[in-house]
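Chain by chain, the residues:
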Amino acid sequence: MSKNHIIGNAIPNLPWEDRPKGSSAPVWRHSNNPVIGRNPAPGVARIFNSAVAPWEGRYVGIFRGDAVNGRPCLYLGFSGDGLIWDIDPDRIRFQDEKGRPYQPSYAYDPRLVKIGESYYIVWCTDFKGASLGLARTDDFKTFTRLENPLLPFNRNGVLFPRKIGGKYYMLSRPSDGGHTPFGDVFVSESPDLTYWGRHRHVMSKGGDGWWQNLKIGAGAVPIETREGWLLFYHGATQTCSGYVYSMGAAILDSDEPSRVKYRCGDFLLTPETWYEERGFVPNVVFPCAALADAPTGRIAIYYGCADTYVGVAYTDIETVTAYIKTRSETIDGDQDTGRI
Ligand code: BMA
């Protein structure tokens with residue numbers, strides 16, 4: 001079997017720690033987690049489910065923070081090493097395409113992606129209920145909101161980092177106004193980031209693994225690899241004392257991302273540490289970003305912990321590909337194109 005590798009840029013200062021001696025885990029936690037603790041900036045009670053990207057030799061973060069009145073907003077931060085963050089206590093101010101102020105009334109679970117020379121943020125916004133917001137920035141000073149891509153209700157919008165066959169692609173999880181009973185991932189395509197269509201079903205909740213039997217949602221921006229798009233996502237299950245969120249992974253076809261090539265039946269990370277098990281919402285592991293260094297194959301995953309903290313976890317392309325492939329299972333409906 002030839003080896004998988006990452007297609008992309010080098011990130012020489014990627015946060016990294018080797019897998020602890022004696023561990024056979026597919027993903028291992030940063031030894032000094034959480035990297036963002038409680039009360040991370042004046043007026044911000046907690047930061048979690050957040051996105052980061054390399055930026056001018058450093059890192060930029062778009063953070064989901066709950067203000068001290070409980071309202072979720074997006075905050076901006078910078079870091080030299082991707083671990084110690086300087087976070088602006090003022091929430092990000094958005095404008096519309098004519099330059100007029102255009103603030104979301106709430107904003108959570110952002111994803112950040114560079115496509116071409118611009119950066120795009122997708123987050124969960126209020127559009128008569130939880131829906132997807134989309135904004136572009138070229139300098140992290142001006143943030144311009146574009147048209148909301150899809151109809152309400154929807155969450156977990158994740159853009160692919162390049163056009164595929166000349167089109168933009170976005171994963172999303174259509175839902176209802178509450179904690180959705182229908183929780184599958186779909187993909188939509190667009191010629192211009194305004195008009196979205198040719199919607200396809202990608203992955204169903206469920207399968208043998210009960211950890212993802214309630215709902216699933218795309219997590220980090222997919223990483224391009226020789227085998228396909230590596231996607232870290234979250235899966236939720238229901239227990240007597242609430243939901244439990246874990247992290248899973250799948251590899252989607254390079255040219256046709258609605259096609260699931262491999263999908264790991266087992267979770268890669270599940271709440272096990274104090275900062276994942278205990279917090280504002282207990283038992284939540286919620287990946288929103290993954291950075292990959294192509295020359296070394298190293299991957300750093302950023303994930304929200306218990307709706308309170310940000311954690312970092314590591315893997316490498318060989319380890320994670322082997323883990324996914326040896327535990328791959330197709331869940332009923334995964335190969336259904338959605339063109340019923
Ligand atoms: C989901 C989202 C996430 C959150 C998770 C667990 O529905 O609201 O922001 O991390 O629930 O509370």
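Before any of the text, the structure's been laid out above.
Nothing here was measured: the structure is a model prediction, and the numbers come from that model.

Novice: Just checking my understanding: could you explain unusual backbone geometry for this structure?
Specialist: In most cases, non-glycine residues show a negative phi, while peptide bonds are predominantly trans. Cis geometry is adopted by the peptide bond preceding proline 34, which originates at asparagine 33 and carries an omega value of -5°. Of note, proline 34 is situated in the loop between strand 1 (28–29) and strand 2 (44–55). The residue after proline 152, namely phenylalanine 153, is reached through a cis peptide bond having omega -5°. You can see phenylalanine 153 is positioned in the loop between strand 10 (143–145) and strand 11 (154–159). Unusually for a residue other than glycine, lysine 128 sits at a positive phi of about 60°. Following the sequence through the fold, lysine 128 ends up in the loop between strand 8 (118–126) and strand 9 (130–137). Exposure remark for lysine 128: the relative accessible area of 76% places this residue in the exposed category.

Novice: Would you explain the sheet that holds strand 13 (residues 185–190) in this entry?
Specialist: In a beta sheet, neighbouring strands are held together by backbone hydrogen bonds and run either parallel or antiparallel to one another. Spatial ordering of the open sheet is given by 11-12-13-14, a layout of 4 strands whose pairing is antiparallel. Strand pairing shows two members of the sheet lacking a second neighbour, strand 11 and strand 14 (197–203), which therefore form its edges. Neighbour to neighbour, the strand axes of the sheet diverge by 30° on average, direction disregarded. Here strand 11 runs beside strand 12 (residues 168–174); their pairing, made up of 4 bridges, is antiparallel. Paired with valine 158 across the strands is leucine 171, a residue of strand 12.

Novice: Explanation requested: empty space enclosed by the protein in the structure shown.
Specialist: It is the rolling of a water-molecule-sized probe over the atoms that shows where space remains empty. Tallied over the entire structure, the rule returns 1 cavity of 30 Å³ or more. Taken as a whole, the largest cavity spans an internal volume of roughly 50 Å³. What lines the largest cavity is Pro72, Cys73, Leu74, Arg91, Ile92, Phe94, Gln103, Pro104, Tyr106 and Ala107. With 3 residues, the top contributor of residues to the lining of the largest cavity is strand 4 (residues 72–79). A breakdown of the residues in the lining of the largest cavity according to their chemical character gives 8 nonpolar, 1 polar and 1 charged.

Scoring rules and cut-offs
- The residue numbers shown here count from 1 along each chain, following its written sequence.
- Side-chain atom pairs in this predicted model are given and counted only at pLDDT of 80 or more, local residue features only at pLDDT of at least 70, and totals for whole chains, interfaces and linings cover all residues.
- Side-chain figures throughout are based on the complete set of non-hydrogen atoms in the structure, without hydrogens or water.
- Strands here mean DSSP runs of E at least two residues long; helices mean DSSP runs of H or I at least four residues long; both are numbered from the N terminus.
- Only protein chains enter the accessibility calculation, which uses a 1.4 Å probe; a residue whose area is less than 20% of its type maximum is buried, one above 50% is exposed, and one in between is partly exposed.
- Pairing between strands is defined by DSSP: at least two bridges between the two strands are required.
- Fitted lines through C-alpha atoms serve as axes, helices being fitted only where they are in contact, and the angles separating the N-to-C directions of these axes extend from 0 to 180 degrees.
- Cavity means a closed set of points on a 1 Å grid over the protein atoms alone, one where a 1.4 Å probe fits but cannot get out, pocket means an open set with protein on both sides within 12 Å along at least 5 of 7 lines, and lining means a residue has an atom within 4 Å of a point.
- Grid points are joined across faces, edges and corners, and a volume is the space filled by probe spheres set on the points.
- Throughout, the ten residues Ala, Val, Leu, Ile, Met, Phe, Trp, Tyr, Cys and Pro are labelled nonpolar, Asp, Glu, Lys and Arg are labelled charged, and all others, Gly among them, are labelled polar.

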